[in-house]
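In case you want the letters, here they are:
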Amino acid sequence: MRSRVDAVFQALADPHRRFVLETLAGRGSATVTELAAALPVTRQAVAKHLGTLRAAELVEPTRAGREIRYSLSPEPLGDALDWMERVGSEWDERLAAIRKHLS
């Protein structure tokens, strides 16, 4: 799970990839050409971003005739959220111990 979480955070680090995910969440699916029309980057750049998102398992391609449509696959986001909640609760416990020690 750790490498999957790392891949998710790496994918989310880029604002264009976050835009692609938000667009897919709102539209359901889109082609590279449709996504490129909404971004100030080339079609090839969007394809590369989709490759990174696919490596993180955040998008899933589906062939429809000659087109490939991409849709959001949110499960890896749940893994990242679980990691953040676990780390957050560990820090809450540490901070509570510091507060107790200082009072």
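As a reminder, the structure under discussion sits directly above these lines.
Calculation notes
Along each chain, residues carry numbers from 1 onward, in the same order as the chain's sequence is written. Two thresholds apply to this predicted model, a pLDDT of at least 70 for residue-level local features and 80 or more for giving and counting side-chain atom pairs, whereas whole-chain, interface and lining totals are computed over all residues. Working from all heavy atoms in the structure, the side-chain values ignore hydrogens and water. Numbering of helices and strands starts at the N terminus; helices are DSSP runs of H or I of at least 4 residues and strands are runs of E of at least 2. Here the expected length of a helix is defined as 1.5 Å per residue gap, with one fewer gap than residues. Buried means the residue's accessible area, taken with a 1.4 Å probe over protein chains only, is under 20% of the maximum for its type, while exposed means over 50%, and partly exposed covers the values in between. This arc corresponds to the set of directions leading from the helix axis out to the C-beta atoms. We call two N or O atoms a polar contact when they sit within 3.5 Å, provided that within protein one can donate a hydrogen and the other can accept it, with sequence-adjacent residues counted only if both atoms are side-chain atoms. Any two residues having at least one pair of non-hydrogen atoms within 4.5 Å are treated as being in contact. Here a salt bridge means any side-chain nitrogen of Lys or Arg lying within 4 Å of a carboxyl oxygen belonging to Asp or Glu.

### Thoughts on helix α4 (residues 43-55)
- An ideal rise of 1.5 Å per residue puts 18 Å on 13 residues; α4 measures up with 18 Å between its terminal C-alpha atoms.
- Just beyond α4, the residue with positive phi is E57, at close to 65 degrees.

### Things to note about helix α2 (residues 15-27)
- For α2, with 13 residues, the first-to-last C-alpha span of 18 Å sits near the 18 Å given by 1.5 Å per residue.
- Looking only at α2, the buried set comprises R17, V20, L21, T23 and L24. Buried residues of α2, viewed axially, fall in a sector of 160 degrees; they line one side. Exposed residues pointing more than 90 degrees away from the buried face of α2 are listed as E22, A25 and G26.
- The opening residue of α2, the one whose side-chain oxygen lies 2.8 Å from the backbone nitrogen of H16, is D14.

### Details of the side chain of R17
- Summarising the element assignment, R17 is placed in helix α2.
- If we ignore the near neighbours within four places in the chain, the residues touching R17 are Q10, A11, H49, T52 and L53.

### Some thoughts on the pattern of salt bridges
- Within the structure shown, the criterion is met by 5 salt bridges.
- Between D79 and R4 there is a salt bridge, and its shortest N-O distance comes to 3.0 Å. Linking D79 in helix α5 (residues 75-102) with R4 in helix α1 (residues 2-12), this pair joins segments that are 75 residues apart in sequence.
- When its relative accessible area of 16% is taken as the criterion, D79 is described as buried.
- The salt bridge partner of R27 is E34, with a shortest N-O separation of 3.7 Å.
- Here R27 falls in the partly exposed class, since its relative accessible area comes to 47%.
- Judged by its relative accessible area of 27%, E34 falls in the partly exposed class.
- If you follow the salt bridges from partner to partner, you end up with R27, E34, E67 and R69 in one network.

In short, shape yes, function no, at least from these values alone.
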